[in-house]
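Chain by chain, the residues run as shown.
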Amino acid sequence: MTSELKETFPGAAPGPAALAAKVRTMAPSMTRSMQRVAETVAGDPAACARLTVTGLAERTGTSEATVVRTSRLLGYPGYRDLRLALAGLAAQQASGAAPSVTADIAVDDPMADVVAKLAHDERQTLADTAAGLDTAQAEAAVGALAAARRIDVYGVGASGLVGQDLAQKLLRIGLVAHPHADPHLAVTNAVQLRSGDVAVAITHSGRTVDVIEPLRVAFERGATTIAITGRPDAEVSQYADHVLATQAARESELRPAAMSSRTSQLLVVDCLFIGVAQRTYETAQPALSASYEALVHRHSPRPRHL
């Protein structure tokens, strides 16, 4: 791969189960006319599946070109492919599958409702992420991590916490992994990377400069680069060899997107960790046992001295 900027990440066309999640994730960054198309197809897939491109343009008050552009932004080669996914989504809903609903939390909600709504959103986030994850990209990322000489992980804020979790997991199975939340240290370390190393960038928005910059440097140095992001069409993907898309529940006043985006990121991180542990089982299992034995005494109650 050259160091030239890549075009929008193509990815695999999302299946019916992932379409509604894709719309929720992408809609905030769309133009108003594209939002109308996306929200219409997600809200009434059965009716929209029967419409021609001209019919959907008329229903949403947009143009045929806008309908096609929206289809492509959602991950489909053309409107025909989107119609097939809509038909599949309509069939799932007709079979009694639970609708994709985000339950907003009100200021006066009792704790029981808060717990129920948060649990609902967390389940939806995990289901959406699993449905939309490109397993071919995940397999490729696992292969690169398992064979890496060194792994750098970049993330700030909530994504920085996820980066620490990934690095800690990889360290426990014997890999050399370092999390970097300080943007200056991240770039300083990225300069040292080369072919055979791996750099992982974690950013929900896909536009966090402090994460993109070290990934760009690592990319230009020849390291294999991985992006975990909720916006596969954003700038971070231009410097990523492998892109893993996450999902998040719709942001509300009392529940910032960072909360559900972190849940989604942690699922992807766990998938990567398990994949790497499987690939490196002969060395990972002894390393994991050794780390457990080294720390077990710290989790045991100390005897009291009378």
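The preceding data block contains the structure.
Residues numbered from 1 in each chain as written. Predicted model: local features only at pLDDT ≥ 70, side-chain atom pairs only at ≥ 80, totals over all residues. Heavy atoms only, no water.

So, about the environment of L267. On the secondary structure map, L267 appears in helix α12 (residues 257–279). Taking the C-alpha atoms as reference, L267 lies 10.0 Å from V162; in sequence the two are 105 residues apart. Apart from the residues lying within four places of it in its own chain, the contact partners of L267 are L126, T129 and A130. (Helix = DSSP H or I, 4+ residues; strand = E, 2+ residues; numbered from the N terminus. Contact = heavy atoms within 4.5 Å.)

Further remarks concern the pattern of salt bridges. Considering all chains together, one arrives at 9 salt bridges under this definition. When the shortest N-O distance is used, the salt bridge between D109 and K117 registers 2.8 Å. K169 is the partner of D165 in a salt bridge, and the nearest nitrogen-oxygen pair spans 2.7 Å. On the criterion of helical spacing, the pair formed by D165 and K169 is a turn pair, its members being 4 residues apart in helix α9 (residues 158–172). When salt bridges that share partners are traced, they join D165, K169 and D270 into one network. (Salt bridge = Lys/Arg side-chain N within 4 Å of Asp/Glu carboxyl O.)

Let's shift gears to the environment of H178. Note on placement: H178 falls in strand β2 (residues 177–180). Along the backbone, H178 and G163 are 15 residues apart, and their C-alpha atoms lie at a distance of 8.9 Å. In this structure, H178 is in contact with I151, D152, V153 and A167, ignoring residues within four places of it in sequence.

As a further point, take the sheet that holds strand β5 (residues 242–245). Spatially, β2-β1-β3-β4-β5 is the arrangement adopted by the 5 strands of the open sheet, whose pairing is parallel. On the outer flanks of this sheet lie β2 and β5, each paired with one strand and no other. The average angle at which neighbouring strand axes cross in this sheet is 15°, direction not considered. In terms of strand pairing, strand β1 (residues 151–154) meets β2 through 4 bridges, oriented parallel. Bridge pairing in β2 links V153 to P179. Against the sheet, α9 engages β1, β2 and β3 (198–203), with an angle of about 170° to β2. (Pairing = 2+ DSSP bridges. Axes fitted to C-alpha atoms, helices over the stretch in contact; angles between N-to-C directions.)

Closest axis-to-axis distance for the helix α4 (residues 53–60)/helix α5 (residues 64–73) pair is 8 Å, and the angle between their directions is 100°. Here α5 runs roughly perpendicular to α4, going by the angle between their axes. Contact residues: α4 offers V53, T54, L56 and A57, while α5 offers E64, V67 and V68. (Parallel < 35°, antiparallel > 145°, perpendicular 65-115°, else oblique.)

Another aspect to go through is the side chain of D128. Relative to the helices and strands, D128 resides in helix α7 (residues 111–132). Every residue in contact with D128, bar those within four places of it in the chain, is listed here: A21, R24 and Q247.

In a regular helix each residue adds 1.5 Å, so 12 residues correspond to 16 Å; helix α2 (residues 32–43) covers 16 Å between its end C-alpha atoms and thus fits that length. Residues of α2 that are buried include every one of M34, V37, A38, T40 and V41, and no others. With its buried residues spanning 165° around the axis, α2 presents them on a single face. Residues of α2 that are exposed and point over 90 degrees away from its buried face: R32 and G43. (Expected span 1.5 Å × (residues − 1). Buried < 20%, exposed > 50% of the residue type's maximum accessible area, 1.4 Å probe, protein only. Arc of directions from axis to C-beta.)

A word on the nonpolar core. Within the largest apolar cluster, 29 residues are counted, with the highest numbers of intra-cluster contacts made by I151, V200 and L244. Breaking this core down by element, the ones donating at least two residues are α8 (135–146), β1, α9, β3, β4 (224–229) and α12. With 6 residues, α12 is the single largest residue contributor to this core. Dropping the residues within four chain positions of it, V200 is found in contact with L145, I151, D152, V153, Y154, L166, I226 and I228. (Core = buried A, V, L, I, M, F, W, Y, C linked by side-chain atoms within 4.5 Å.)

Nothing here speaks to function; it is all geometry.
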